[in-house]
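Close look at the chain arrangement
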Amino acid sequence: MELSLDEKKGPLIPESPQELAISTLIKPQARETYDVNVTFEEYHYYSKKTREEEEYLEPPVLNVRQLFKGKKSEEPITTLTQKDFSTRERRLAITDEEWANATRSLRSASWGACFYLITTDILGPYGSGFAMGTLGWGPGIAFYTVFGFMAGYSGYLIWRVFLGVDSYEFPAKNYGDLGFRTLGRWGRHFTNVCQAISLLLLVGQVTIEFGQNISQMSKFRLCYVVCPVIFACAGFLISQIRTLKAYGWVANLAVWMNLFVIFMTMGVMSVSPPNYKISTLGSAGSAVDRKTITPDSDGNYPPIIHYSNVPQNGLIGSVNGMLSGVLAYAGAQLFVEFMAEMRRPRDFIKAMWGAQFFIYSVYLTHGCVVYYLQGQYSYSPSYQGISIYAWQTVGNILSLLSALICAGLYGNIGVKIVYNNILMDIFSLPPLTTRVGKIVYASLVPVWWTIAFIIAAAIPDYFGFVSIISASMLLNLTFTMPPLFALAFDIQKNAIRTEVGEAFNPITGEVLRTETTTARWIRGFCSGGPFQVAINIWHVVLCLATLSMCGLGMWAAIVGMIDAFKIPQLTSFSCVSPLNLNA
């Protein structure tokens, strides 16, 4: 039957059982960036074609010597990436091969570079001892084990969906693209809003945390409000690096700096007492039971204690401690950006599982050792819980450099999301690869960092701020959206009945569908065999469970912030550092 077409809403869906959704004869390069008329079948057809081609590509190698020798890459370069093809008329002048080559030329990162990017994205395991102290031995170990595996599982789902909808003809460039191609326009907008807000808040959180870092290194001589500003200025300089391949070099360095701080912290803690004076500001005891860190009339602090299970009457503190652990596994939202610059995205799974196992091992080991040595005095970040100032300063300096790289990565991707989904969509700005795009990007970076600093600096309760970020955004981005995208992807893929000719026809541009949309989704959910149906049910349960956890986390974070605001605290707009208890 013939369908009427609404240019804004796409093909109207008739209620009759016989349906023919016309994809038209328009070539991929002539499409709008987010054309609602492109069907799932078309995305999936081109993705299979691209994956077959990638099998014959030589995987790139992360050669550190190139960084110091300045050796130029031998990768093919195309001038198309430097031109503005944001209008349909200009895109129509491009041949199919030129369009595919333009995408190929932007994909050059290796899986080794992605390994370092994933491990750098994690803000160090410096809060794992604090989380263990709020949860106790058993729940703490179980938490890091279960959440570590589930973070890896979420990464696997993102990887699988990406391989099924990304192609040279229709490249998937960010997390929102997965939402658009599996759930439609609302999925894209919701994902982009959540990701942009979370990255903005994370940049602010890192700015405040390492503003305290700089303040402590200066022995509080430097006006505190200047300290996070210094970090922000350095951050928007490093955020000017626009490609994630270039970030791979500095990410390598950040991993080794983090490892040094980890081993240094554990070594110094084994031969020195905790930093008792700051325990009221961010220790496990301050979160679950302040009596365990309060000195007596003679100034003597209680002895170190450990919990086997969740501390009594410490539910709110334990949930907030758990949320600080969620922050540790919040890197999945950036995986699409990593894969979008890989020559062989299929290899990403090696980088992802390798990085997740590495992160889990380091987090759990460091958390257990710090908790064993310092008990309820386990501080976040752990290196500031060292009582020897010289070693404390070493940890501050190295973690500062590492966090600067990580925050630059957040700023880089956050600004790209705003540019690609607001400035290009609404204001029709040219792509980032053009001269105008590069200038606008460079101008947006300091604005992004300034907004992040102002938001974070206005909230005096740092750990409440972290809990709000984790509960409202990071849990959804890491543990709710991947199974939701995978569920929608599997339903639509299994709903295609090739035996009756349902598929995308690359010659005519037609997609044959023989049922209504509702009937197709129901059949897709129940198709694929018993195991696939069980997987679909599991993904529904997982989405609901993580949403429930978001609600619990928000409750604990809000209650914790209400209690914190009852105590007079200093904000980041003051000259007096929050760590300076003698002020």
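See the structure printed just above.
About the thresholds
- Here, residues in each chain are numbered from 1, in the same order as that chain's written sequence.
- Local features are withheld for residues below a pLDDT of 70 in this predicted model, meaning they are given only at 70 or higher, and side-chain atom pairs are given and counted only at 80 or more; totals for whole chains, interfaces and linings count all residues.
- Note that the side-chain values use all heavy atoms of the structure and ignore hydrogens as well as water.
- Only centres within 6.5 Å qualify two rings of Phe, Tyr or Trp (six-membered ring in Trp) as a pair; their planes then separate them into stacked at under 30 degrees, edge-to-face at over 60, and tilted for everything else.
- Under the scheme used here, helices are H or I runs from DSSP no shorter than 4 residues and strands are E runs no shorter than 2 residues, and both carry numbers assigned from the N terminus.
- Between buried and exposed lies partly exposed: a residue is buried under 20% and exposed over 50% of the maximum accessible area for its type, with that area taken using a 1.4 Å probe on protein chains only.
- Here a salt bridge means any side-chain nitrogen of Lys or Arg lying within 4 Å of a carboxyl oxygen belonging to Asp or Glu.
- Cysteine sulfur atoms that pair up within 2.5 Å are treated as a disulfide.

The tally for this structure, following the rule as stated, stands at 28 aromatic pairs. Ring centres of phenylalanine 40 and phenylalanine 489 lie 5.6 Å apart, and the angle between their planes is 70°; this geometry places the pair in the edge-to-face category. Of this pair, phenylalanine 40 sits in helix 1 (residues 40-54) while phenylalanine 489 sits in helix 19 (residues 462-494), placing them 449 residues apart in sequence. For phenylalanine 40, a relative accessible area of 4% translates into the label buried.

This next bit is on the pattern of salt bridges. According to the stated counting rule, one finds 15 salt bridges in the structure shown. Residues arginine 31 and glutamate 42 are paired through a salt bridge, measuring 3.4 Å at the closest nitrogen-oxygen approach. Here arginine 31 is found in the loop between strand 3 (19-22) and helix 1, whereas its partner glutamate 42 is found in helix 1, with 11 residues between them in sequence. One exposure class covers both arginine 31 and glutamate 42, and it is buried. A salt bridge links arginine 51 to glutamate 54; its shortest N-O distance comes to 2.9 Å. Placement of both arginine 51 and glutamate 54 in helix 1 is noted, with a separation of three residues, approximately one turn of the helix. We classify arginine 51 as buried; its relative accessible area is 5%. In this structure glutamate 54 comes out as buried when scored by relative accessible area, which is 3%.

Turning next to the state of the cysteines. Per the stated rule, a full pass over the model turns up one disulfide. Covalent S-S linkage joins cysteine 223 and cysteine 575, the inter-sulfur distance amounting to 1.8 Å. Here the disulfide of cysteine 223 and cysteine 575 is left-handed, its torsion about the S-S bond being about -100°. Placement of the pair is cysteine 223 in the loop between helix 9 (185-217) and helix 10 (226-238) and cysteine 575 in the segment after helix 21 (530-565), with a sequence separation of 352 residues. With relative accessibility at 48%, the residue cysteine 575 sits in the partly exposed group.

Taken by themselves, the reported measurements are silent on function.
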